[in-house]
Amino acid sequence: MKTFLRNQLERYAQRLGELDFLLSREDIMGDMAQYRLISREHAEVTQVAGRYARYQQRKADLAGAREMLADPDMAEMAQEEITSAEAELVALEDELQRLLLPKDPDDARNAFLEIRAGTGGDESALFAGDLTRMYSRYAANVGWKVEVVSENAAELGGYKEIVLRIEGDNVYGALKFESGGHRVQRVPATETQGRIHTSACTVAVMPEPDETEAIKLNPADLRIDTFRASGAGGQHINKTDSAVRVVHLPTGIVAECQDGRSQHSNKAKALQVLQARIQEKERSERAAKEAALRKGLIGSGDRSDRIRTYNFPQGRLTDHRINLTLYKLLQVMEGDLADVLQAMAHAREAEQLAELETSAAV
């Protein structure tokens, strides 16, 4: 194990003792807000310290087994223990590295997934529909719930724009690196000469704001319009002005919802999306400043970044940020996204580990 990792882990063991002492104090126990904060840190530190204690124990077991090799009667048993301990130590070191990485507090949140057609006209809208289906199928595979917040359907199929709310475990953490430009290369159904066209869509993944931490919107900064919803939804949805559009005047950011029957519920959802978009704008601006200081592997997630190409003639998916190429495009489009998402997560972990090592050396 690298020295900087061992030093970090030793600090966790020391911090656990400090937290145990703090939680035993009456003044801390009497302040529920502070008690919850310390208890949360205690749980996180206990997990890391516990796994490090196991690592140290297995190192001691390994050393003892190697000493036993000299005894012919114990050599076979010792070799089995060495093999077992070495394998567990590798797994424990990998786990400990991940536990030490900085955690994004938004990772556990639900997310809004926004897909917009870009260059390519009708073909781009059709591709937006394909991406919607891809993410919806992946969500179903992992047990997430998907609901349409708003949609603007295209005449020939697909969407000019669609916003989904995805609810489940670690949704934002799993999907956050999907933000950016997605490019498709294929022969459109309307192409009579068999020529390959290139079209693009933009995807934005935004964590659903926590009600207690959400940006407080000044009603004077909002313009709220109601209108008759279009598209699917049955007879009721086309007879009442239940759809709601909210404009944040200072930034010009717009959000709308037309999926529900109630104007009240549509307004609440539109305000949630608006808050998420405002927070995402602030996050993107911070990320751009950080990216100017260091060249990140994953990038800022800016929608103008071209992050991925879907090449149908070759059955190839390429993620340009990590030079990942998979020849299983049809499976991916059916929702088999696990390999792609895991590759992005591992790349980010490697990037964070390098940053951690650099900061430890300073």
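This is a predicted model, so every value here is computed, not measured. (Residues numbered from 1 in each chain as written. Predicted model: local features only at pLDDT ≥ 70, side-chain atom pairs only at ≥ 80, totals over all residues. Heavy atoms only, no water.)

Bringing the pattern of salt bridges into the picture now. All told, the structure shown has 33 salt bridges when counted by the stated rule. A salt bridge links Arg 58 to Asp 61, with the shortest nitrogen-to-oxygen separation between them at 2.8 Å. Pair noted here: Arg 58 and Asp 61 are both in helix α3 (residues 32-68), with a separation of three residues, about one helical turn. On the accessibility criterion, Asp 61 (23% relative accessible area) is partly exposed. (Salt bridge = Lys/Arg side-chain N within 4 Å of Asp/Glu carboxyl O. Helix = DSSP H or I, 4+ residues; strand = E, 2+ residues; numbered from the N terminus. Buried < 20%, exposed > 50% of the residue type's maximum accessible area, 1.4 Å probe, protein only.)

A few words on the packing of aromatic side chains. As enumerated under the stated definition, the model contains three aromatic pairs in all. Look at Tyr 52 and Tyr 55: their rings are 6.3 Å apart centre to centre, the planes differ by 15°, and that puts the pair in the stacked class. One end of the pair, Tyr 52, and the other, Tyr 55, are both in helix α3, three residues apart, so they sit about a helical turn from each other. Tyr 52 gets classed as buried once you look at its relative accessible area, which sits at 4%. Residue class for Tyr 55 comes out buried when judged on its relative accessible area of 5%. When the ring centre of Phe 312 is taken as origin, the NZ or CZ atom of Arg 186, which lies over that ring, is 5.0 Å away. Between the NZ or CZ atom of Arg 245 and the centre of the ring of Phe 227, over which it lies, the distance is 4.4 Å. (Phe/Tyr/Trp six-rings, centres within 6.5 Å; stacked < 30°, edge-to-face > 60°. Lys NZ or Arg CZ within 6 Å of the ring centre and 35° of its normal.)

Before going further, it helps to spend a moment on helix α5 (residues 121-141). Along its 21 residues, α5 runs 31 Å from first to last C-alpha, staying within 8% of the 30 Å computed at 1.5 Å per residue. Within α5, burial applies to Glu 123, Ser 124, Ala 125, Phe 127, Ala 128, Gly 129, Leu 131, Thr 132, Met 134, Tyr 135, Tyr 138 and Ala 139. Once α5 finishes, Gly 143 follows within two positions and takes phi at roughly 85°, a positive value. (Expected span 1.5 Å × (residues − 1).)

The subject of this paragraph is the nonpolar core. Counting 37 residues, the largest nonpolar core has Leu 131 and Tyr 310 as the members making the most contacts within it. Sort the elements by how many residues they give to this core and α5 lands first, with seven residues. (Core = buried A, V, L, I, M, F, W, Y, C linked by side-chain atoms within 4.5 Å.)

With that settled, consider the confidence of the model for the protein. When the pLDDT values of the protein are averaged, the result is 86; 88% of them are 70 or greater. When pLDDT is averaged over each element of the protein, helix α9 (residues 329-333) comes out on top at 97 and helix α7 (residues 234-239) at the bottom at 44. Of the regions scoring below 50 in pLDDT, residues 232-239 engages in 13 contacts with residues more than four places distant in sequence or in other chains. (pLDDT = per-residue confidence, 0-100. Contact = heavy atoms within 4.5 Å.)

Now for the sheet that holds strand β4 (residues 180-186). Overall, mixed pairing links the eight strands, which are arranged β2-β3-β1-β5-β4-β9-β10-β11 in an open sheet. The sheet is open, and its two edges are formed by β2 (145-153) and β11 (324-326), each paired on a single side. Taking the axes of each pair of neighbouring strands and ignoring which way they run, one obtains an average angle of 15° across the sheet. Two strands pair when backbone bridges link them, and β4 and strand β9 (residues 306-311) are joined in this way by five bridges, in the parallel orientation. Of the residues in β9, the one forming a bridge with His 182 is Arg 308. Against the sheet, α5 touches β1 (111-117), β2, β3 (159-167), β4, β5 (197-207) and β9, its axis set at about 110° to β4. (Pairing = 2+ DSSP bridges. Axes fitted to C-alpha atoms, helices over the stretch in contact; angles between N-to-C directions.)

The next thing to look at is the side chain of Arg 165. Checked against the element boundaries, Arg 165 lands in strand β3. Here the side chain of Arg 165 touches Glu 167 through a polar contact of 3.1 Å, side chain to side chain. Of the polar contacts made by the side chain of Arg 165, one reaches the side chain of Glu 208; its length is 2.6 Å. Filtering out sequence-adjacent residues up to four positions away, Arg 165 remains in contact with Asn 110, Ala 111, Phe 112, Lys 145, Val 146, Glu 147, Val 149 and Glu 208. (Polar contact = N/O pair within 3.5 Å; in protein donor to acceptor, adjacent residues only side chain to side chain.)

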